[in-house]
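Single-letter residue listing:
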Amino acid sequence: MPLSPPSAISASARFYTSLLVTGGVFVVLDAGAFVLRHTMPEGARRRRVARRWLCTMAKVAVRYLHAAGILDCDMAELAAIAQRRNLVLVANHPSRLDCLLLAAALPHMVCVTKASIWERGVLGSTLRTAGYVRHDTLLRIIGPASQALHEDCQLLLFPEGTRSRAGAEPGPVQPGFAAIAQRTRSDVQVVLIETPSPYLSQGWPFLKRPPLPMRYGIKLGPHFAAPKRDEASGRALIEAVDNCFRSSPQGGEGF
């Protein structure tokens, strides 16, 4: 029996089915990471394989959400940096979906992840296997972040420190990303995520259905050469990134 097109199925049925399917993808993701932890010794090679596995399963989830009419996301610009290494990525943070979308497009990405997620027994264990970095004090982040960049990864940070609230101005940019870029002599790439969807923004419940499809556009902002290790260079970089976030269309106007 042929599958009905997304338009023929109610939005609520598609949305809640997508939550179940995405949950199933995460179960498979964790199962694969479990196998890696028990068949490969801890080290750079295992982390590299785990990142590729995470990227593969993120792509499965994103493609399903597209096919089901849940998500409409343009990430074509990310192809230009997909194979770049030793790069600090800084992105605004409108939704909990941000990391999933970026992981699907960037196979070498490592994210500085909220401690409550990193420490979970399920998804958190997969992130630890892939070498993701636990969000902590700057002094504790710099070591693991430097290791990830030395392993030819891209390090993703959300310098606002938390998700934004739908329709609100971006939060203040925290200076940690600039200190890491200075310490590791890494270039910085701004990533701008634009969306009119409020889903999983700050204060939006997980089970509350948003208008569908959820539309996202992910674009590349300015690229900055590795900053010098002085206070003025770090401050200039922070100000430039803050200006990028504030000048980016809020809420994805123009979709």
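Located above this text is the structure these notes cover.
Predicted model only: the values in this text are computed from it and were never measured. (Residues numbered from 1 in each chain as written. Predicted model: local features only at pLDDT ≥ 70, side-chain atom pairs only at ≥ 80, totals over all residues. Heavy atoms only, no water.)

**Notes on helix α2 (residues 44–67)**
Then, in step 1: The end-to-end C-alpha separation of α2 is 35 Å, in line with the 34 Å expected for 24 residues at 1.5 Å each.
Then, in step 2: All of the buried residues along α2 are Arg46, Arg47, Ala50, Arg51, Leu54, Cys55, Met57, Ala58, Ala61, Val62 and Leu65.
Then, in step 3: Just past α2, the residue Gly69 takes up positive phi, approximately 75°. (Helix = DSSP H or I, 4+ residues; strand = E, 2+ residues; numbered from the N terminus. Expected span 1.5 Å × (residues − 1). Buried < 20%, exposed > 50% of the residue type's maximum accessible area, 1.4 Å probe, protein only.)

**Details of the packing of aromatic side chains**
Two measures describe an aromatic ring pair: the distance that separates the ring centres and the angle between the ring planes.
Then, in step 1: Using the criterion set out here, one finds two aromatic pairs in the structure.
Then, in step 2: Look at Phe15 and Tyr16: their rings are 4.9 Å apart centre to centre, the planes differ by 75°, and that puts the pair in the edge-to-face class.
Then, in step 3: The class of Phe15 is buried, set by a relative accessible area of 1%.
Then, in step 4: Between Phe15 and Tyr199, the ring centres sit 5.5 Å apart and the planes meet at 85°, which makes this aromatic pair edge-to-face. Of this pair, Phe15 sits in helix α1 (residues 11–39) while Tyr199 sits in the loop between β6 (187–194) and β7 (214–224), and the two are 184 residues apart along the sequence. Of the two residues, Phe15 and Tyr199, neither departs from the other in class, the shared state being buried.
Then, in step 5: Each residue in the set Phe15, Tyr16 and Tyr199 is aromatic and connected to the rest through ring pairs, giving one cluster.
Then, in step 6: One residue, Arg128, lies across the ring of Trp118, its end atom 5.6 Å from the ring centre.
Then, in step 7: The cationic tip of Lys208 hangs over the ring face of Trp204; the distance from NZ or CZ to the ring centre is 4.3 Å. (Phe/Tyr/Trp six-rings, centres within 6.5 Å; stacked < 30°, edge-to-face > 60°. Lys NZ or Arg CZ within 6 Å of the ring centre and 35° of its normal.)

**Quick look at the sheet that holds strand β5 (residues 154–157)**
Then, in step 1: Taken in spatial order, the seven strands make up an open sheet running β1-β7-β6-β2-β5-β3-β4, and their pairing is mixed. Looking at the sheet topology across the chains shown, the edges are occupied by β1 (71–74) and β4 (133–134). (Pairing = 2+ DSSP bridges.)

**Examining the pattern of salt bridges**
Then, in step 1: If you walk through the whole model with that rule in mind, you get ten salt bridges.
Then, in step 2: The shortest N-O distance in the salt bridge between Arg140 and Asp136 comes to 3.5 Å.
Then, in step 3: Its salt-bridge partner being Arg235, residue Glu231 comes within 3.1 Å of it at the nearest N-O pair. One end of the pair is Glu231 and the other is Arg235, both in helix α8 (residues 231–247) and four residues apart, which spans about a single turn.
Then, in step 4: Arg235 sits in the partly exposed class, given a relative accessible area of 48%. (Salt bridge = Lys/Arg side-chain N within 4 Å of Asp/Glu carboxyl O.)

**Quick word on the nonpolar core**
Then, in step 1: The biggest cluster of nonpolar side chains holds 73 residues, and the ones touching the most others in it are Leu78, Tyr132, Leu155, Phe177 and Ile218.
Then, in step 2: In contact with Tyr132, other than residues within four places in its own chain, are Leu54, Cys99, Ala103, Met109, Val110, Cys111, Thr113, Trp118 and Leu127. (Core = buried A, V, L, I, M, F, W, Y, C linked by side-chain atoms within 4.5 Å. Contact = heavy atoms within 4.5 Å.)

**What to know about the packing of α1 against α2**
Then, in step 1: Contact geometry of α1 with α2 gives a least axis separation of 10 Å together with a crossing angle of 165°. On the basis of their axis angle, the class for α1 and α2 is roughly antiparallel. In the packing of α1 onto α2, the handedness of the crossing is right-handed. Two secondary-structure elements touch here, α1 through Thr17, Ser18, Val21, Thr22, Val25, Val28, Leu29, Gly32, Ala33, Leu36 and Arg37 and α2 through Arg46, Val49, Ala50, Trp53, Leu54, Met57, Val60, Ala61, Tyr64 and Leu65. (Axes fitted to C-alpha atoms, helices over the stretch in contact; angles between N-to-C directions. Parallel < 35°, antiparallel > 145°, perpendicular 65-115°, else oblique. Left-handed = near helix turned anticlockwise from the far one by under 90°.)

These values are about where atoms sit, not about what they do.
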